[in-house]
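Chain and residue survey
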Amino acid sequence: SADMLIRANQVDSLANHFPPCMREMHRHLNTVHHMKHTGRRQFGLFLKGLGVPMEESLAYWKRAFGPKIAPDAFDRNYAYNIRYDYGREGSRTQARPFGCRSIILGDPPARGSGPHAIEQHGCPLRQSKEPELRRLAQSYHLRDAEMPSLLAEVQGSHYQFACGRLLRSMRQSRAQATKAPGTEAPPPVDDDIRPISHPNEFASISMGINRS
Ligand code: SF4
């Protein structure tokens, strides 16, 4: 469980700490203003893991769906599942955010026609073709010299390791950017690539939260 409380209106500003899967879903939500069931669970439980409480999560989804779904229709059709994932409905068990293995091994998203038919969930490192992978890598500031390694890792199905490479790249570029003029070196970033096992682990490391 998280130590910090995150409000609905803070989610957008934290997206630069999200792993590829969650960034893609966040982007989808902000452009299409709709998401199918599997994506809602994957992203919704991630937000819960991030420290977004239930009321804030309901507010977040309602606003994200706002341009397409009226508030009363949202309450009727979508709120139950969010409350359920917080243990307030049904069996009242606490659902846990999905880890990388179950996301990677799950059914890939269907690509139907029309924006409401498009699913957006799963692991983009597994599902993307090379041009998309290059765009993704750029958004994590991966150096050109590392691109062949990333592509080889994806080719070899080492998605979680590739994800760790993107996290390292993003942290290195951030450390460079925060280097004050006249100082010797940027703050050190762990040089080893560690495979990512959980989307919330990626976000915690990026945000500098030590949960151990
Ligand atoms: Fe998300 Fe895990 Fe895939 Fe990274 S390896 S994009 S955290 S599912």
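These notes cover the structure that comes with them. Being a predicted model, the structure only gives us computed values, none of them experimental. (Residues numbered from 1 in each chain as written. Predicted model: local features only at pLDDT ≥ 70, side-chain atom pairs only at ≥ 80, totals over all residues. Heavy atoms only, no water.)

**Quick look at the packing of aromatic side chains**
As a reminder, the rule being used: Stacked, tilted and edge-to-face pairs are distinguished by plane angle, under 30 degrees for stacked and over 60 for edge-to-face with tilted covering the rest, among Phe, Tyr and Trp rings (Trp via its six-membered ring) whose centres lie within 6.5 Å. Each helix corresponds to a stretch of at least 4 residues labelled H or I by DSSP, and each strand to a stretch of at least 2 residues labelled E; elements are numbered beginning at the N terminus. Relative accessible area decides the class of each residue, using a 1.4 Å probe on protein chains only: under 20% of the type maximum gives buried, over 50% gives exposed, and in between gives partly exposed. Over a ring means this: the NZ of a Lys or the CZ of an Arg is within 6 Å of the ring centre and within 35 degrees of the ring normal.
In this structure the tally under the stated criterion is 12 aromatic pairs. Taking the centre distance of 6.2 Å and the plane angle of 70 degrees together, the rings of F18 and F43 count as edge-to-face. You can see F18 sitting in the loop between α1 (11–14) and α2 (20–32) and its partner F43 sitting in helix α3 (residues 37–50), a full 25 residues away along the chain. An identical accessibility class is assigned to F18 and F43; each is buried. A ring pair is formed by F65 and Y78, whose centres lie 5.0 Å apart and whose planes are at 80 degrees; its orientation type is edge-to-face. One end of the pair, F65, is in helix α4 (residues 54–65); the other, Y78, is in the loop between α5 (71–77) and α6 (79–85), and 13 residues separate them in sequence. Exposure class is identical for F65 and Y78. Each is buried. Each member of the aromatic cluster is reached from another via a ring pair, and the members are F18, F43, F46, Y60, W61, F65, F74 and Y78. Looking at K48, its charged tip hangs above the ring of Y86, at a distance of 5.4 Å from the centre.

**Here's the deal with the side chain of E153**
Using the following cut-off: Here a polar contact means two N or O atoms within 3.5 Å. Within protein one must be a hydrogen donor candidate and the other an acceptor candidate, and residues neighboring in sequence count only if both atoms are side-chain atoms.
Its location among the elements puts E153 in helix α10 (residues 147–155). Among the residues examined, E153 registers a relative accessible area of 10% and is labelled buried. Within the structure, the side chain of E153 is placed 2.6 Å from the side chain of R165, a separation counted as a polar contact.

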